[in-house]
Amino acid sequence: MGWNDTGREAAAAADTGSQGTGTDERAERRRLAAGFFNRVWELLERQDRTREQDDEMLHGAHASRALWAGTGTTANLVRGEWQCSRVYAVLSRAEPALWHARRCLELAEAAEPGALADFDLPFAYEALARANALAGDREQALSWLERGAEAALRIADADDRELVATDLKDVRGQL
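A brief look at the structure comes next. (Residues numbered from 1 in each chain as written. Predicted model: local features only at pLDDT ≥ 70, side-chain atom pairs only at ≥ 80, totals over all residues. Heavy atoms only, no water.)

### Examining the state of the cysteines
Note the cut-off: Two cysteine sulfurs form a disulfide in these notes if their separation is within 2.5 Å.
Across all of its chains, the model carries 0 disulfides by this definition. Left without a disulfide partner, Cys84 is nearest to the cysteine sulfur of Cys104, which lies 9.9 Å away.

### Structural notes on the environment of Phe123
Put simply, the rule reads: Helical segments are the DSSP runs of H or I of at least four residues, strand segments are the runs of E of at least two, and each set is numbered from the N terminus.
Mapping Phe123 onto the fold places it in helix H6 (residues 120-134). Residues Phe123 and Trp82 lie 41 residues apart in sequence; the distance between their C-alpha atoms is 7.5 Å.

### Let's talk about the packing of aromatic side chains
Basically, it comes down to this: Under the pairing criterion, centres of Phe, Tyr and Trp rings, with the six-membered ring standing for Trp, must be within 6.5 Å; the plane angle then separates stacked pairs below 30 degrees from edge-to-face pairs above 60, leaving the rest tilted.
Taken as a whole and judged by the stated rule, the model has 5 aromatic pairs. Through pairs of rings, three or more aromatic residues link up here, namely Phe37, Trp41, Trp82, Phe119 and Phe123.

### Focus on unusual backbone geometry
A positive phi angle, near 60°, is found at Ser92, a position not held by glycine. Positionally, Ser92 belongs in the loop between helix H4 (74-90) and helix H5 (94-110).

### A closer look at helix H3 (residues 51-68)
In plain terms, the rule: Here, expected helix span is obtained from the residue count minus one, scaled by 1.5 Å. Accessible area is worked out with a 1.4 Å probe on protein chains only. A residue is then buried under 20% of its type maximum, exposed over 50%, and partly exposed in between.
The end-to-end C-alpha separation of H3 is 26 Å, in line with the 26 Å expected for 18 residues at 1.5 Å each. All of the buried residues in H3 are Gln53, Met57, Leu58, Gly60, Ala61, Ser64, Arg65, Leu67 and Trp68.

### Remarks on the pattern of salt bridges
Convention followed: Every case where a carboxyl oxygen of Asp or Glu lies within 4 Å of a side-chain nitrogen of Lys or Arg is listed as a salt bridge.
One pass over the structure, following the stated rule, counts 12 salt bridges. Across the salt bridge formed by Glu28 and Arg31, the nearest N and O atoms sit 2.6 Å from each other. Placement of both Glu28 and Arg31 in helix H2 (residues 21-45) is noted, with a separation of 3 residues, approximately one turn of the helix. Classification of Glu28 by relative accessible area gives partly exposed; the value is 34%. Its relative accessible area of 38% is what places Arg31 among the partly exposed residues. The partner of Arg46 in a salt bridge is Asp48, and the shortest N-O contact between them spans 3.2 Å. Note on Arg46: relative accessible area 33%, which makes it partly exposed. Among the charged side chains, a network of salt bridges with common partners joins Arg86, Glu126, Arg130, Asp167 and Asp170.

### Quick look at the nonpolar core
Filter applied, for reference: Here, nonpolar core refers to any group of buried Ala, Val, Leu, Ile, Met, Phe, Trp, Tyr and Cys residues whose side-chain atoms link them within 4.5 Å. Contacts: residue pairs with any heavy atoms within 4.5 Å of one another.
The biggest cluster of nonpolar side chains holds 44 residues, and the ones touching the most others in it are Val87 and Val164. Only H2, H3, H4, H5, H6, helix H7 (138-152) and helix H8 (158-174) provide two or more residues apiece to this core. Per-element tally for this core: the top contributor is H6, with 8 residues. When neighbours within four sequence positions are excluded, Val164 is seen to be in contact with Phe119, Pro122, Phe123, Gly148, Ala152 and Ile155.

### Re the packing of H6 against H7
Each pair of packed helices can be summarised by the angle the axes make with each other and by the distance between the axes. Our working rule: In this description, a line fitted to the C-alpha atoms serves as the axis of each element, helices being fitted only across the stretch in contact, and the angle between N-to-C directions of two axes falls anywhere from 0 to 180 degrees. Roughly parallel means an angle under 35 degrees; roughly antiparallel means over 145; roughly perpendicular covers 65 to 115; every other angle is labelled oblique. Note on convention: near helix rotated counterclockwise from far helix by under a right angle means a left-handed crossing. Clockwise means right-handed. Under the convention adopted here, Pro, Cys and the residues Ala, Val, Leu, Ile, Met, Phe, Trp and Tyr are nonpolar, Asp, Glu, Lys and Arg are charged, and Gly plus all remaining residues are polar.
Where H6 contacts H7, the two axes come as close as 8 Å, and the packing angle between them is 160°. As the angle between them shows, H6 and H7 are arranged roughly antiparallel. Judged by the twist between their axes, the crossing of H6 over H7 is left-handed. Along the contact surface, H6 presents Pro122, Tyr125, Leu128, Ala129, Asn132 and Ala133, while H7 presents Gln140, Ala141, Trp144, Leu145, Arg147, Gly148, Ala151 and Ala152. Among the residues making up the contact of H6 with H7, the classes are represented as 10 nonpolar, 3 polar and 1 charged.

### Thoughts on the layout of surface pockets
Test applied: Grid spacing is 1 Å over the protein atoms alone, the probe is 1.4 Å, and a cavity is where that probe fits but cannot get out, while a pocket is an open set with protein on both sides within 12 Å along at least five of seven lines and lining residues have an atom within 4 Å of a point. Grid points are joined across faces, edges and corners, and a volume is the space filled by probe spheres set on the points.
Approximately 450 Å³ is the volume found for the largest pocket. Surrounding the largest pocket, 20 residues form its lining, Leu44, Arg86, Val90, Arg130 and Asp170 being those nearest its centre. No other element matches the 5 residues that H8 contributes to the lining of the largest pocket.

Have a look at this one:
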């Protein structure tokens, strides 16, 4: 599965064949949430974003997260907060990056057993490391990097472990 694939899989898994008005609305919200999530990923991967694309990326992350509320799973909410944090980090906005990283961890820690993939908690730690590095708190960033690396050891899939390791290495390089 892979962190970067999460939104793409969510788009494919949306309840597009549901019956009834309430269920149809829920399916549409899920479809839109996944679409915004995927578009934000596309923009995050671009090195040559315009200011307008930065705006689209920021608002898209919030739109996705808002649409998941009431329609998504705990994993969708955790990943939505992670994505908001990442967008703010990419835009060099430490305070909101920290806020969303903390919320990501809060949701991840409160999740029922089995509600999250084994990579969700390590990515929450990565978000906190990245946001603290951006905020200039090297000690906190290093602490979260250590927790992220330890948690990543428990990720079963090698590709998912590598995604976390790559992001943790990227943060370490910023210190």
